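Examination of the molecular architecture
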Amino acid sequence: MAAEKIECCEQEEVHEELVKIVNETMPEETELYDLAELFKVFGDSTRIRILFVLFEAEVCVCDLAQVLNMTQSAISHQLKILKQSKLVKNRREGKSIFYSLADDHVRSIIAQGREHIEE
């Protein structure tokens, strides 16, 4: 199977005005890095499954382990990553710790991703 050829300009011509506009509006490298790191978090199907559970309810690690048929240790590891990325938050109630979505942005990001893949 031959590799698909990427189409390129037939003649090199830089459109200075467009380049200027892009350079003026491009975010700082640190912001681009942070954004790329955020999207990496969504690159794991287990974390996506956890988020889908949290769309429905605030749950503890035991509940998540049961629903997703995984160990509490595996769930805790993924929750730590989600929490570091500020996608989930938690609260203590007695001996249990309950997790929930950090805010509605998480729901929007997933919804837009689903919309995109269904096109």
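This section reports on the structure supplied with the text. (Residues numbered from 1 in each chain as written. Predicted model: local features only at pLDDT ≥ 70, side-chain atom pairs only at ≥ 80, totals over all residues. Heavy atoms only, no water.)

1. Quick notes on the state of the cysteines
All chains considered together, the criterion is met by 0 disulfides. The thiol of cysteine 60 is not disulfide-bonded; the next cysteine sulfur, from cysteine 62, is found 4.2 Å away. For cysteine 60, a relative accessible area of 9% gives the class buried. Judged by its relative accessible area of 43%, cysteine 62 is partly exposed. (Disulfide = S-S within 2.5 Å. Buried < 20%, exposed > 50% of the residue type's maximum accessible area, 1.4 Å probe, protein only.)

2. So, the packing of aromatic side chains
If you walk through the whole model with that rule in mind, you get 2 aromatic pairs. Relative to phenylalanine 42, the ring of phenylalanine 39 lies with its centre 6.3 Å away and its plane at 45°, an arrangement referred to as tilted. Where phenylalanine 52 meets phenylalanine 55, the ring centres are 5.0 Å apart and the plane angle is 65°; that geometry is what we call edge-to-face. Taken together, the residues phenylalanine 52 and phenylalanine 55, both in helix H3 (residues 45-56) and 3 residues apart, mark about one turn of the helix. Here phenylalanine 52 falls in the partly exposed class, since its relative accessible area comes to 29%. (Phe/Tyr/Trp six-rings, centres within 6.5 Å; stacked < 30°, edge-to-face > 60°. Helix = DSSP H or I, 4+ residues; strand = E, 2+ residues; numbered from the N terminus.)

3. Quick look at the nonpolar core
Grouped together as the largest cluster of nonpolar side chains are 22 residues, with contacts concentrated most on Ile50, Leu51, Leu64, Ile75 and Leu79. With 6 residues, the top contributor of residues to this core is H3. Not counting chain neighbours up to four residues away, the residues in contact with leucine 79 comprise Ile50, Val61, Leu64, Val88 and Tyr99. (Core = buried A, V, L, I, M, F, W, Y, C linked by side-chain atoms within 4.5 Å. Contact = heavy atoms within 4.5 Å.)

4. Remarks on the pattern of salt bridges
Enumeration over the complete set of coordinates arrives at 4 salt bridges. Close ionic contact of lysine 20 with glutamate 24 constitutes a salt bridge, the shortest N to O distance being 3.5 Å. Taken as a pair, lysine 20 and glutamate 24 lie in helix H1 (residues 16-25) at a separation of 4 residues, close to a single helical turn. Looking at lysine 20, the relative accessible area reads 46%, which means it is partly exposed. A relative accessible area of 57% places glutamate 24 in the exposed class. Note that glutamate 37 is salt-bridged to lysine 40, the shortest N-O span being 2.8 Å. Of this pair, glutamate 37 and lysine 40 both sit in helix H2 (residues 29-41), 3 residues apart, which is roughly one turn of the helix. Given the relative accessible area of 28%, glutamate 37 is considered partly exposed. The exposure class assigned to lysine 40 is exposed, which follows from its relative accessible area of 52%. Connected through salt bridges with shared partners, the residues Glu58, Arg91 and Glu93 form a single ionic network. (Salt bridge = Lys/Arg side-chain N within 4 Å of Asp/Glu carboxyl O.)

5. Description of the sheet that holds strand E1 (residues 59-60)
The strand order across the open sheet formed by 3 strands is E1-E3-E2, and the pairing between neighbours is antiparallel. The sheet terminates laterally at E1 and strand E2 (88-93), the two strands that pair on one side only. Across 6 bridges, the pairing between E2 and strand E3 (residues 96-101) is antiparallel. In the strand pairing of E3, lysine 89 is matched with serine 100. (Pairing = 2+ DSSP bridges.)

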